[in-house]
Amino acid sequence: MSVDPKYWTEARATGGGRNGLSGLTSGTLTVTMASPKELGGSGAGHNPEELFAVGYAACYLGAMRFAAQTEKLGTVPDNATVNAHVGIGPRSDGGFGLKVRLTVSLPGVDRAVAERIVERGHFICPYSNATQGNIVVETELV
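The numbering scheme is per chain: residues are counted from 1 as the chain's sequence reads. Where local features are concerned, this predicted model is filtered to residues with pLDDT of at least 70; where side-chain atom pairs are given and counted, the filter is 80 or more; whole-chain, interface and lining totals use all residues. Derived side-chain values reflect all non-hydrogen atoms in the structure, with water molecules and hydrogen atoms excluded from consideration.

An unreviewed UniProt entry annotates the chain as Organic hydroperoxide resistance protein of Roseicyclus persicicus. UniProt positions are given in the numbering used here, feature names are shortened, and annotations may be inferred rather than shown by experiment. Under the UniProt heading Sequence similarities (unreviewed entry), the entry covering the chain gives this text: "Belongs to the OsmC/Ohr family."

Below, the structure is given as structure tokens:
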């Protein structure tokens, strides 16, 4: 599979990585990073898992809208939501790994149609494609 990028962005991390500054090289976004208390950090900033959750939730909601429109599956309502829960912890074979749970709400959409939109969203979403086969991603339609 090849990818023909139509857009690129660039970010830089300084300091200690999980404890330092990260931001776009354009200067339009800078985030103070701090490991969460649960991992022995101060929790006085943001961490990569939070940023991953924000990006995945937004991208997946957009992918579902794209799927619904282009595949004529119906309409994703304006009040639709995606909550991305991202967990980090030690892997059984060493190092650290991630788990993701996406909670999707498509109010007023027929359950069968909503399930199809959720499925097609994973096919389209670059985050879903990047994580497929690499980490556990569970999707719950509420």
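What follows continues from the structure just given.
Peer 1: Go over the side chain of Arg120 with me, naming the residues and quoting the values.
Peer 2: Tracing the chain through its elements places Arg120 in helix H2 (residues 111–124). Between buried and exposed lies partly exposed: a residue is buried under 20% and exposed over 50% of the maximum accessible area for its type, with that area taken using a 1.4 Å probe on protein chains only. Residue classification places Arg120 among the buried residues on the basis of a relative accessible area of 17%. Setting aside residues up to four positions removed in sequence, Arg120 forms contacts with Ala67, Glu71 and Leu73. Only runs of H or I of at least four residues qualify as helices and only runs of E of at least two qualify as strands under DSSP, and these elements are numbered from the N terminus. Contacts: residue pairs with any heavy atoms within 4.5 Å of one another.

Peer 1: Pulling in residues and values, what's your account of the domain arrangement of the chain?
Peer 2: Throughout, the edges of the domains are those of an automatic or database domain assignment. Domain annotation of the chain identifies domain 1 (1–46) and domain 2 (48–141). Between domain 1 and domain 2, the contact holds five residues from the first and five residues from the second. Surface buried jointly by domain 1 and domain 2 totals about 500 Å² across both partners, of which 65% is contributed by carbon and sulfur atoms. Salt bridges, as used here, are contacts in which a Lys or Arg side-chain nitrogen is within 4 Å of a carboxyl oxygen on Asp or Glu. Taken together, the links from domain 1 to domain 2 amount to one salt bridge. Arg18 is the salt-bridge partner of Glu49, the closest N and O atoms lying 2.6 Å from each other. Computed with a 1.4 Å rolling probe, the buried area is the accessible surface lost when two parts are put together, summed over both parts.

Peer 1: How would you summarise the sheet that holds strand S1 (residues 11–15) if you had to cite specific residues and measurements?
Peer 2: Spatially, the three strands line up as an open sheet ordered S1-S2-S3, and their pairing is antiparallel. What marks the edges here is a single partner per strand, and that holds for S1 and strand S3 (30–33). Between one strand and the next, the sheet's axes are offset by a mean angle of 20 degrees, whatever the strand orientation. Here, strands pair whenever DSSP counts at least two bridges between them. Summarising the sheet, strand S2 (residues 20–24) and S3 pair through four bridges and their orientation is antiparallel. The partner of Gly20 across the bridge, within S3, is Met33. Interaxial angles span 0 to 180 degrees and are taken between N-to-C directions of axes, which are lines fitted to C-alpha atoms, for helices over the stretch in contact.

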